[in-house]
Amino acid sequence: KYNSHIGYVPLDIDLPLDMMKEETARAEQYMTPLKVAGEDSRGWVNLGMFAATLEDPYDKSFDKKESTAHWQELVQELMPETVRWFQQEWPHAEMYRARLLGLLPGGVIGLHNDDCEGLLNINIAIHHPPECKFYLENWGVMPFKEGSVFATDVGYNHAVVNPSDRMRLHIVIYQEDRKSTRLNS
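Remarks on the overall build of the chain
Now for step 1: In terms of regular secondary structure, the chain is built from three helices and eleven strands.
Now for step 2: Secondary structure elements of the chain occur, N-terminal to C-terminal, as β-α-β-β-β-α-α-β-β-β-β-β-β-β.
Now for step 3: Residues counted as buried form 52% of the 185 residues belonging to the chain.
Now for step 4: For the chain, restricting intrachain contacts to residue pairs at least 6 apart in sequence, the fraction spanning at least 24 positions comes to 79%.

Here it is, written out as structure tokens:
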């Protein structure tokens, strides 16, 4: 399996974090449980933002011509400024999909890896309690804090634990070309 040989890279992106916090708070009640990453996972919730559906953001097509991903109507209603920011200000390659991912207090995302190559997963920390840890194989604990943005090679094994009493809430962007190395240079 190909890996970038770089676990993650911090990105200097000026986020409208306060607005994103306000709008994602409205969307939290619509998040649904995820049942991937094995039996070790619990408390992992999701909302498809730019996705095939709200509940199932997994558009199995890696070819944009075949993709059914689009900005979900509910997301446009609940998070209009966030959607506008991504449409007009997002500084990277076109997105393949975007989703709002939460990890409830006491939650765990079990050890797994994603079927992708390189630093094409962009992880934006909206709420990241200090006690919450994102472990990335060969790289240790990623230095997330609220407002941080990382390009991450999730082709490496990774897991997340949230022993805090607050939800961990991230927006995860998947770049369009899942086989590209554009962000690896």
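Here we look at the confidence of the model for the chain
Now for step 1: Here the chain shows a mean pLDDT of 86. Residues at 70 or above account for 83%.
Now for step 2: Here residues 178-185 is modelled with pLDDT under 50, and outside its nearest four sequence neighbours on either side it reaches 24 contacts, counting other chains as well.

A few points about the pairing of strand β10 (residues 158-161)
Walk down a regular strand and you will see the side chains alternate between the two sheet faces.
Now for step 1: Note that strand β5 (residues 95-112) and β10 share three bridges and pair antiparallel. Across the sheet, the residue bridging to Val108 is Val161, located in β10.
Now for step 2: In the sheet, strand β7 (residues 133-136) pairs with β10 via four bridges, with the strands oriented antiparallel. Paired with Phe134 across the bridge in β10 is Val160.

What about the packing of helix α1 (residues 17-27) against helix α3 (residues 80-88)?
The angle between the axes and the distance between the axes are what describe a pair of packed helices.
Now for step 1: At a closest axis distance of 8 Å, the pairing of α1 and α3 adopts a crossing angle of 125 degrees. In terms of axis orientation, α1 runs oblique to α3. Counted together, Met19, Met20, Glu23 and Arg26 of α1 and Pro80, Glu81, Thr82, Trp85 and Phe86 of α3 form the full contact between these two elements.

Procedures and definitions
Here the residue numbers are simple positions, counted from 1 along each chain's written sequence. The model is predicted, so local features are restricted to residues of pLDDT at least 70 and side-chain atom pairs to those at 80 or more, both for listing and for counting; the totals for chains, interfaces and linings are taken over all residues. Only hydrogens and water are removed before side-chain values are computed, so all heavy atoms of the structure are retained for them. A run of H or I in DSSP becomes a helix once it reaches four residues, and a run of E becomes a strand once it reaches two; helices and strands are each numbered from the N terminus. Classification of residues uses two cut-offs on accessible area relative to the type maximum, computed with a 1.4 Å probe and protein chains only: under 20% is buried, over 50% is exposed, and between them is partly exposed. It only takes one pair of heavy atoms within 4.5 Å for two residues to be counted as in contact. A residue's pLDDT is the predictor's confidence in that residue, given on a scale from 0 to 100. When DSSP locates at least two bridges between a pair of strands, those strands are taken to pair. Each axis is a line fitted through C-alpha atoms, taken for helices only over the stretch in contact, and angles between the N-to-C directions span 0 to 180 degrees. Angle categories: roughly parallel below 35 degrees, roughly antiparallel above 145, roughly perpendicular from 65 to 115, and oblique for all the rest.

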